Amino acid sequence: MKSITYKIFLGLTTLEGGLVLFFLLRIPSMDRNARLLGYSLARLGMAFIALLLLLFWGTLTIKAFRTPGWLDRLHHWLENRLTPGDRLLVVTLTLSAMFLLGILLIIIWNLPTIHEYTWYASIFKYNLHVYEALLAILDRLMPLLVWFVLIIIQLLFTLLFTLRERYREAGFWNWSVISKTILVLGMVVLSAIQWTVYALGVWLLKLLPGWYWDVFIRPLNPRMFLFLGMLGLSIFAARYVLRHHHRTGLILALIVALGYLLQVSFGFIEGQGYEYIRLKLTDTGHRSYANIAVADFGDPLAAVREYEQKYGQKMFPSTKPPGVVLFHILLENVVNTVIPQPTKEGRFLVLTRFMAVIFPLVALLVVGVIYAFLRRVVKLEQAIVPALLFVFIPNIILIPMFLDQVLYPLLFMAGVWLLWRVWKGRSLLMAFIAGLYIYIAVFLTFAMVPLLPFFVLLVGLDYLANYKHRRISQTVYLFIALGLGLLFALISFRLLLNYDILLRYETANRVVRNFDFVLRTGGKLTEDLTTTAVRPGVGQILRAAFLNNLEFAAAVGFPVYLLFLWGAFRTLARLARRKATELDLSLAALLLTFLALNVYGQMQGEAARLWMYWVPMVVIFAGLELIHQFRRKELAFYLVVTLQLLTMWATFMFQDFLV
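(A) Summary view of the overall build of the protein chain. In terms of helices and strands, the protein chain carries 32 helices and zero strands. Projected onto its principal axes, the C-alpha positions of the protein chain cover 95 × 65 × 50 Å. Surface summary for the protein chain: the accessible area is close to 30,500 Å², and the carbon and sulfur share equals 69%. The average position of the 59 basic charges and that of the 35 acidic charges among the side chains of the protein chain differ by 8 Å.

(B) Broad picture of helix α26 (residues 501–519). Here α26 is 19 residues long and its end C-alpha atoms lie 25 Å apart, about the 27 Å a rise of 1.5 Å per residue gives. Where the residues of α26 are buried, they touch α15 (307–311), α23 (428–444), α25 (472–497), α27 (538–556) and α29 (582–600). For α26, the N-terminal cap is Asp500; the gap from its side-chain oxygen to the backbone nitrogen of Leu502 is 3.2 Å.

(C) The arrangement of the pattern of salt bridges in detail. Evaluated as defined, the whole model comprises 15 salt bridges. With a shortest N-O distance of 3.1 Å, Asp656 and Arg218 are connected by a salt bridge. With Asp656 in the segment after α32 (633–654) and Arg218 in the loop between α9 (204–207) and α10 (225–243), the pair connects residues that are 438 residues apart, well separated along the chain. Arg218 matches Asp656 in its accessibility class, with the two residues each being buried. Glu582 is the salt-bridge partner of Lys424, the closest N and O atoms lying 2.4 Å from each other. In this pair, Lys424 sits in helix α22 (residues 408–425) while Glu582 sits in helix α29, placing the two residues 158 residues apart along the sequence. Lys424 sits in the partly exposed class, given a relative accessible area of 39%. The exposure class of Glu582 is partly exposed, given its relative accessible area of 35%. The structure contains a network of salt bridges with shared partners spanning Arg218, Glu270, Lys280 and Asp656.

(D) Structural detail: the environment of Val449. Positionally, Val449 belongs in the loop between α23 and α24 (451–466). A residue is classified by how much of its surface remains accessible, and Val449, at 30% relative accessible area, is partly exposed. The spatial distance from the C-alpha of Val449 to the C-alpha of Phe412 is 9.5 Å, given a sequence separation of 37 residues.

(E) Region of interest: the side chain of Gln655. With respect to the helices and strands, Gln655 occurs in the segment after α32. Judged by relative accessible area, Gln655 falls into the buried class, the value being 3%. If sequence neighbours within four positions are ignored, Gln655 has contacts with Tyr198, Trp211, Trp213, Asp214, Phe216 and Ala650.

(F) Highlighting unusual backbone geometry. Positioned with a positive phi, Met401 is a non-glycine residue whose angle comes to about 80°. With respect to the helices and strands, the residue Met401 is situated in the loop between α20 (394–398) and α21 (403–406). Taking the relative accessible area as the measure of exposure, Met401 reaches 2% and is therefore buried. Positive phi, close to 60°, is recorded for Arg578, a residue that is not glycine. Given a relative accessible area of 67%, Arg578 falls into the exposed group.

(G) Region of the structure containing the packing of α27 against α29. α29 packs onto α27 with a crossing angle of 130° between their chain directions and a minimal axis gap of 8 Å. With respect to their mutual orientation, α27 and α29 come out oblique. In this structure, α27 uses Ile541, Ala545, Asn549 and Phe552 to contact α29, whose residues at the interface are Phe594, Asn598, Val599 and Tyr600. Of the residues that constitute the contact of α27 with α29, the class distribution is six nonpolar, two polar and no charged.

(H) Spotlight on the packing of aromatic side chains. For the coordinates displayed, the defined rule picks out 40 aromatic pairs. Ring centres of Phe594 and Trp614 lie 5.2 Å apart, and the angle between their planes is 70°; this geometry places the pair in the edge-to-face category. You can see Phe594 sitting in helix α29 and its partner Trp614 sitting in the loop between α30 (607–610) and α31 (615–629), a full 20 residues away along the chain. Here the two residues Phe594 and Trp614 agree in accessibility, since each one is buried. Feature note: the residues Phe412, Phe552, Tyr561, Phe564, Phe594, Trp611, Tyr613, Trp614 and Phe621 constitute an aromatic cluster, connected by ring pairs. The ring of Trp203 has Lys125 sitting right over it, with the charged end atom 3.7 Å from the ring centre.

(I) Up close: a nonpolar patch on the surface. There is a patch of nonpolar side chains on the surface, built from Leu428, Ile472, Val476, Tyr477, Ile480, Leu484, Leu487, Leu490, Ile491, Leu495 and Leu496 and spanning about 1,100 Å² of accessible area. Structurally, Val476 can be placed in helix α25.

(J) Focus on the side chain of Thr352. Tracing the chain through its elements places Thr352 in helix α17 (residues 344–362). Thr352 sits in the buried class, given a relative accessible area of 0%. Here Phe348 takes part through its backbone oxygen, which lies 2.8 Å from a polar atom of the side chain of Thr352. Apart from residues no more than four positions distant in its own chain, Thr352 is found in contact with Arg278, Thr282, Ala290 and Met401.

(K) Local environment of the nonpolar core. Met448, Phe552, Trp614 and Phe637 are the most contacted members of the largest nonpolar core, which has 184 residues in total. Ranked by the residues each element gives to this core, the list is headed by α32, at twelve residues. Contact partners of Trp614, with chain neighbours within four places excluded, come to Phe412, Pro450, Phe552, Leu590, Thr593, Phe594 and Leu597. Of all hydrophobic cores here, the second largest spans 32 residues; its members include Ala47, Ala50, Ala64 and Leu163.

(L) Seen up close, α10. Between its first and last C-alpha atoms α10 spans 28 Å; for 19 residues at 1.5 Å apiece the expected length is 27 Å, and the two agree. Every buried residue belonging to α10 is among Phe227, Met230, Leu231, Ser234, Ala237, Ala238, Val241 and Leu242, and all of these are buried. Viewed along the axis of α10, the buried residues span an arc of 135°, placing them on a single side of the element. Every exposed residue of α10 that faces more than 90 degrees away from the buried side is listed here: Phe225, Leu228 and Phe236. Considering only its buried residues, α10 is in contact with α11 (248–270), α19 (380–389) and α32.

(M) A look at the packing of helix α4 (residues 87–109) against helix α8 (residues 175–199). Contact pair α4 / α8: the axes reach a minimum separation of 10 Å and the direction vectors enclose 40°. For the element pair α4 / α8, the angle class is oblique. The handedness of the crossing between α4 and α8 is right-handed. Between α4 and α8, the contacting residues are Leu89, Val90, Leu93, Thr94, Ala97 and Leu101 on the first element and Val177, Ile178, Thr181, Leu185 and Val189 on the second. Across the contact of α4 with α8, the residue classes tally to nine nonpolar, two polar and no charged.

(N) Seen up close, the environment of Leu482. Looking at where Leu482 falls in the secondary structure, it is placed in helix α25. Taking the C-alpha atoms as reference points, Leu482 and Pro400, 82 residues apart in sequence, are found 33 Å from one another.

(O) Geometry of the environment of Val188. On the secondary structure map, Val188 appears in helix α8. Residue classification places Val188 among the partly exposed positions, given a relative accessible area of 37%. Considered as a pair, Val188 and Phe124 are 64 residues apart in the sequence and their alpha carbons are 24 Å apart.

How each quantity is defined
All residue numbers here refer to positions counted from 1 along the written sequence of the relevant chain. At least 70 in pLDDT is required for a residue's local features to be given in this predicted model, at least 80 for side-chain atom pairs to be given and counted, and no such filter applies to totals for whole chains, interfaces and linings, which use all residues. Side-chain measures were taken over the full set of non-hydrogen atoms in the model, leaving aside hydrogen atoms and water. Each helix is a run of H or I in the DSSP string that is no shorter than four residues. Each strand is a run of E no shorter than two, and both are numbered from the N terminus. Methods summary: accessible areas were calculated by the Shrake-Rupley approach with a probe of 1.4 Å, and residue burial reflects only the protein chains presented. Residues scored as charged are limited to Lys and Arg (positive) and Asp and Glu (negative), so that His and the chain ends carry no count. The atoms used to mark charge sites are NZ of Lys, CZ of Arg, CG of Asp and CD of Glu. A helix is expected to span 1.5 Å for every residue after the first. For this analysis, residues touch if any pair of their heavy atoms sits within 4.5 Å. The term polar contact refers here to a pair of N or O atoms within 3.5 Å; inside protein, the definition further demands a hydrogen-donor-capable atom paired with an acceptor-capable atom, and it admits residues adjacent in sequence only when both atoms are side-chain atoms. Any carboxyl oxygen of Asp or Glu that lies within 4 Å of a side-chain nitrogen of Lys or Arg is treated as forming a salt bridge with it. Burial classes follow relative accessibility: with a 1.4 Å probe on protein chains only, a residue under 20% of its type's maximum area counts as buried, one over 50% as exposed, and anything between as partly exposed. A fitted line through C-alpha atoms serves as each axis, taken over the contacting stretch for helices, and the angle formed by two N-to-C directions is quoted from 0 to 180°. For classification purposes, angles smaller than 35 degrees are called roughly parallel, those larger than 145 roughly antiparallel, those between 65 and 115 roughly perpendicular, and all remaining angles oblique. Amino acid classes used here: Ala, Val, Leu, Ile, Met, Phe, Trp, Tyr, Cys and Pro are nonpolar; Asp, Glu, Lys and Arg are charged; the rest, including Gly, are polar. Between the rings of Phe, Tyr and Trp (Trp by its six-membered ring), a pair exists once the centres lie within 6.5 Å; its type follows the angle of the planes, with under 30 degrees stacked, over 60 edge-to-face, and the other angles tilted. We call a charge positioned above a ring when the Lys NZ or Arg CZ atom is no farther than 6 Å from the ring centre and deviates by at most 35 degrees from the ring normal. Patch construction takes residues with relative accessible area above 30% that form no salt bridge. Like charges are linked within 9 Å, and nonpolar side chains (Val, Leu, Ile, Met, Phe, Trp, Tyr) are linked within 5 Å. We define the nonpolar core as a collection of buried residues of types Ala, Val, Leu, Ile, Met, Phe, Trp, Tyr and Cys that are connected through side-chain atoms lying within 4.5 Å of one another. By definition, the arc is the one covered by directions from the helix axis to the C-beta atoms. Left-handed describes a crossing in which the near helix is turned anticlockwise from the far one by less than a right angle; the clockwise case is right-handed.

Laid out in structure tokens, this is it:
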């Protein structure tokens, strides 16, 4: 029976190969393309490949029918290589994924839209010639692709028939292996799709209205080889960190140094060094904060007291609390004291050059906070993996100079750590300090508002999990102390700085929602947007959540985002089964806060920048999940790092987070 199965597989494959060759040669090429025997060189090339494959399968088929015992030897050879451990299951899943991808490609190819010039000319306007060349190539390759899909499905059925005893064994369909294999395949396939989309210059703004980032095609140059050096250095550094995790100070310094080098290296690949980093900010409208700083450096507090009159109607400051402007003014005062300049232009240049050198380093201080937070709840070698993973996140490396990257992840992670300490220690003084911290953090950016629901969820989940050991009065006192800290800060800022946080938040909220849900997406103006805030409907919120998460996943890298999703699912599963640890409660509170942010519908698009403060949470989930999923942790980490860096390079080459 097994011999018959192999003969059917080989015979069908050979027959299909003959049909493929026939379809490739049945219609001559157009006269203008014909080179030999009436066929183009491309058609002859495809036919030659098909002929070689046909000869290969034909030879095996003849051997199967004419050589006694050969099929038995072939079966034993396959059995010896596929049956040990989980190899057969992994091969089966991989072949299934290849079959599904092939079918998907064939279905897409047969969609009329992708062949319509009016459609693809608008989607691929930056690389139209590449897309049209790809259409021609796929047209010639389609018979080979169909043959490939048929071979895959036939091979799967052959394995199912010839090794059916193995498939029926108890424990063969191991969910752990299935999950791990799907995870790895998802990492590779989604990363490859992302690289392809970028390389083709797909105008995602046209394809996905609300998408923020434009296409930017960077020409190749000899300096690109520097990236290969950074790839090798990254793997070497990761290897050293993973194997010497007990040298805490040294490895944290090494991680920070690696992250700094990665940020700066793209400047040297571009041929501009630190100037590339500086221009990433100064070539955008966000330079307005530095412009304000060099113009109003004389009286920092006046910038806060008179914020609404001075900056409340300006495009970018209108969406922020005064802390952003104040931060830049104070920094300008320090820089101008050390390196005084007589002109506004000179002060701007010196300030932004200083930022280009220092900010990439400041952005990596969060690595230490991630490690410190995890070190209290997991083993030493586990705590270092998320911290190391942070420096391989594309948007962290490629969006320098913005406070979203430089300061907000640090502020958020420090707030999470502080609130975790409040929850663990039950200290009323610490709760009061946490209230002060949250208000000051929100003064710098409204992105820190989620710290409040995070703490509520953390305490609530803890009470549900440990209600027998918790006193409700103690929990109430914690909230009162934290509320008093917030109230003290609110009154102090109102009296001393004339800062009305509610008015500023309402204005910022209106500007952001109106811009994201109406102005930038071409929506209809049905009311005065200077006084009225758009209230997105359920459909708009769901669409924004999809768009934001897709953009965020592409920005942090699909390998890391998939690990984050896997870890999030397992955390919620443990929470539902009442098997959650202290770490699970903290991560679940973070995750539920993140989900609530999606439901809130505050923004649509630009999540790659505006959600950067969530990256520490993502790498914590992803790093811990990587440790849990894979026995060969180092090898898995190298795979993730390589995919992440290739995504980083593809983003740099074809998008670079430029608008």
